[in-house]
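# Architecture at a glance
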Amino acid sequence: LEAFLRRPLDPRDVADRLAMLGAPVDAAEALHTGLGELVIGLVEEVRQHPNADRLRVCLVNDGTAERRHVVCGAPNVTAGKRYPFARIGTTVPHGKGGAPMKIERARLRGEASEGMLCSARELGLNQDHDGILELETDAAPGTPLLEAVPLSDHRLEVDVTPNRPDLLCHKGVARELSASYG
């Protein structure tokens, strides 16, 4: 809706305006709220794990003075690329079994791992788990993920009555809101 209207929108204000226009909002849900702790991680170096064929040890710049060693099993990890990074103590929304998982310091086959490079599935963005999510951003390492990648959004559940089929798509809702905003 913001793209169609070319202005930032407050979800509560949009819900109020739609209600006044005869299309009440039954629910407003914030999306991707569990990603607030994640940052941009720049992988500076990748080497083969000495004790495992399918694992790699990465040197990750997370915006702090120290570089983090992270053991990663993703086949697409590449030096010089940016990925969502969960520092120790961060909770990722979809860990093993789909439940939230707190990241802890670990040893994987003798190598220390001080964080986690995340896939889209672990972030709850989709079901892709073939590799970690490569980010197309120039954001500095350590930048909060939600500042660098526009994932923070809201879902509005609009109660569309049979006489308002024009509100069954984003364009129709945007057209109605544009009249309200002038």
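Here, every reference points to the structure presented above.
Anyway, here's the lowdown on the structure attached to this text. On a predicted model such as this, the values are computed, not experimentally measured, just so you know.

## A short note on the nonpolar core
- With 14 residues, the main nonpolar core has L35, L38, A86, C118, L123 and L145 as its most contacted residues.
- If sequence neighbours within four positions are ignored, L145 has contacts with L35, L38, V39, I40, P84, L123, L135 and L151.

## Some words on the environment of A27
- Structurally, the position occupied by A27 is in strand β1 (residues 25-31).
- Classification of A27 by relative accessible area gives partly exposed; the value is 33%.
- Taking the C-alpha atoms as reference points, A27 and A15, separated by 12 residues in sequence, lie 8.8 Å from one another.
- Excluding residues within four positions of it along the chain, A27 makes contact with R155, L156 and E157.

## Section: the pairing of strand β5 (residues 82-86)
- Counted residue by residue, β5 has five buried out of five residues, so it is predominantly covered.
- Of the strand pairs in this sheet, β5 and strand β10 (residues 116-117) are connected by two bridges, and their pairing is antiparallel. Bridged to A86 within β10 is M116.

## Some remarks on the pattern of salt bridges
- Tallying each qualifying case throughout the model produces 12 salt bridges.
- Between E114 and R105 there is a salt bridge, with its nearest N and O atoms 3.4 Å apart.
- Residue E114 is classed as buried on the basis of its relative accessible area, which comes to 15%.
- D166 is the partner of R164 in a salt bridge, and the nearest nitrogen-oxygen pair spans 2.8 Å.

## A word on the side chain of E122
- One can find E122 in helix α3 (residues 120-123).
- R121 provides the closest opposite charge to the buried, salt-bridge-free E122, at an N-O distance of 6.5 Å.

## Comments concerning the environment of S180
- Here S180 shows up in helix α5 (residues 170-181).
- Measuring from C-alpha to C-alpha, the distance between S180 and P8 comes to 14 Å, with 172 residues separating the pair along the chain.
- Non-local contacts of S180, meaning those with residues more than four positions away in its chain, are made with R17 and L21.
- At a separation of 2.8 Å, a polar atom in the side chain of S180 contacts the side chain of R17.

## Description of α5
- Taking 1.5 Å per residue, 12 residues should reach 16 Å; α5 reaches 16 Å between its end C-alpha atoms and fits that length.
- Backbone geometry just after α5 places G182 at a positive phi near 75°.

## Some remarks on the sheet that holds strand β4 (residues 67-72)
- Ordered by their spatial adjacency, five strands build an open sheet running β4-β3-β2-β5-β10, and the pairing between neighbours is antiparallel. Strands with a single pairing partner mark the edges of an open sheet, and in this sheet they are β4 and β10.
- Pairing of strand β3 (residues 56-61) with β4, which is carried by six bridges, proceeds in the antiparallel orientation. What sits directly across from V57, in β4, is V71.

Definitions and cut-offs
Residues numbered from 1 in each chain as written. Predicted model: local features only at pLDDT ≥ 70, side-chain atom pairs only at ≥ 80, totals over all residues. Heavy atoms only, no water. Core = buried A, V, L, I, M, F, W, Y, C linked by side-chain atoms within 4.5 Å. Buried < 20%, exposed > 50% of the residue type's maximum accessible area, 1.4 Å probe, protein only. Contact = heavy atoms within 4.5 Å. Helix = DSSP H or I, 4+ residues; strand = E, 2+ residues; numbered from the N terminus. Pairing = 2+ DSSP bridges. Salt bridge = Lys/Arg side-chain N within 4 Å of Asp/Glu carboxyl O. Lys, Arg positive; Asp, Glu negative; His and termini not counted. Polar contact = N/O pair within 3.5 Å; in protein donor to acceptor, adjacent residues only side chain to side chain. Expected span 1.5 Å × (residues − 1).

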